[in-house]
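Chain and residue survey
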Amino acid sequence: MQICNVCREHTPKYRCPACNIRYCSLGCYKTHKDTCLPVEQPAPTTLEASSTEPWSVEDLLDEADYVDKVPLQRLQLLGESEGLRNLLCNPHLRQLMRAIDNADAKEDVMKAAMQEPLFVEFSNQCLKIVENGEEKALRSKARRDL
């Protein structure tokens with residue numbers, strides 16, 4: 001489990017965009033930004049037009065992100081959840097999700113959405129499925145197949 005690179009007490013939730021260190025709160029960010037040493041980003045590489053290989057999740061993640069990566073099998077369980085399907089029938093929830101997807105400042109819009117009980121319920125249901133529900137989902141799917 002990772003700890004905040006600033007206070008060294010809590011689990012980090014955020015990453016500094018300039019130097020990629022992980023921190024847990026606004027207070028830690030304010031402490032860090034005064035001493036932040038931005039990491040020089042490598043020049044973006046252009047893909048050759050002839051490259052037909054599809055990209056994968058691994059292409060988008062750096063080493064530190066693998067801690068937070070959800071296995072594809074667990075993500076597929078989200079699509080099999082009747083509870084999530086029922087929640088997604090709600091037009092307000094779909095509007096919130098579109099707003100997050102279309103926003104330039106996704107973090108700010110996500111924070112606002114997390115104030116909505118419906119979005120919190122949806123988020124909790126997703127987490128329950130990917131963190132704990134793998135065995136339950138597989139058992140219920142096996143029962144349906146019988």
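Before reading further, recall that the structure is shown in the block above.
None of the values given here were measured: they were computed from a predicted structure.

**Points about the overall build of the protein**
Of the regular secondary structure elements, the protein holds eight helices and two strands. Evaluated residue by residue, the protein yields a buried proportion of 19% over its 146 residues. Taking contacts inside the protein between residues at least 6 apart in sequence as the whole, the part at least 24 apart equals 36%. Approximately 11,600 Å² of the protein is accessible, and the part contributed by carbon and sulfur atoms is 54%.

**Notes on the nonpolar core**
If you look at the biggest cluster of nonpolar residues, it comprises 12 residues: Leu-77, Leu-84, Leu-87, Leu-93, Leu-96, Ile-100, Ala-113, Leu-118, Phe-119, Phe-122, Cys-126 and Ile-129. Listed by contribution, the elements that provide at least two residues to this core are α4 (82–88), α5 (91–102) and α7 (117–131). Looking at which element gives the most residues to this core, the answer is α7, with five residues. The residues contacting Ile-100, other than those within four sequence positions of it, are Lys-106, Val-109, Met-110, Ala-113 and Phe-119.

**A short note on the packing of aromatic side chains**
On inspection of all chains with the given rule, the structure shows three aromatic pairs. With a centroid separation of 5.4 Å and an interplanar angle of 40 degrees, the aromatic rings of Tyr-23 and Tyr-29 are classed as tilted. Put simply, the rings of Tyr-14, Tyr-23 and Tyr-29 touch in pairs and so form one group of aromatic residues.

**Examining the side chain of Ser-81**
For Ser-81, the position within the fold is in the loop between α3 (72–79) and α4. In this structure Ser-81 comes out as buried when scored by relative accessible area, which is 10%. Of the polar contacts made by the side chain of Ser-81, one reaches the backbone nitrogen of Gly-83; its length is 3.4 Å. Setting aside anything within four residues of it in sequence, one finds Ser-81 in contact with Gln-125 and Ile-129.

**Quick look at the state of the cysteines**
One pass over the full model with this rule turns up zero disulfides. Lacking any disulfide linkage, Cys-7 is separated from the closest cysteine sulfur, that of Cys-24, by 3.7 Å. Sulfur of Cys-36: no disulfide; nearest cysteine sulfur belongs to Cys-19 and is 3.7 Å away.

Basis of the calculations
- Residues numbered from 1 in each chain as written.
- Predicted model: local features only at pLDDT ≥ 70, side-chain atom pairs only at ≥ 80, totals over all residues.
- Heavy atoms only, no water.
- Helix = DSSP H or I, 4+ residues; strand = E, 2+ residues; numbered from the N terminus.
- Buried < 20%, exposed > 50% of the residue type's maximum accessible area, 1.4 Å probe, protein only.
- Contact = heavy atoms within 4.5 Å.
- Areas by Shrake-Rupley, 256 points an atom, 1.4 Å probe, with all protein chains shown as cover.
- Core = buried A, V, L, I, M, F, W, Y, C linked by side-chain atoms within 4.5 Å.
- Phe/Tyr/Trp six-rings, centres within 6.5 Å; stacked < 30°, edge-to-face > 60°.
- Polar contact = N/O pair within 3.5 Å; in protein donor to acceptor, adjacent residues only side chain to side chain.
- Disulfide = S-S within 2.5 Å.

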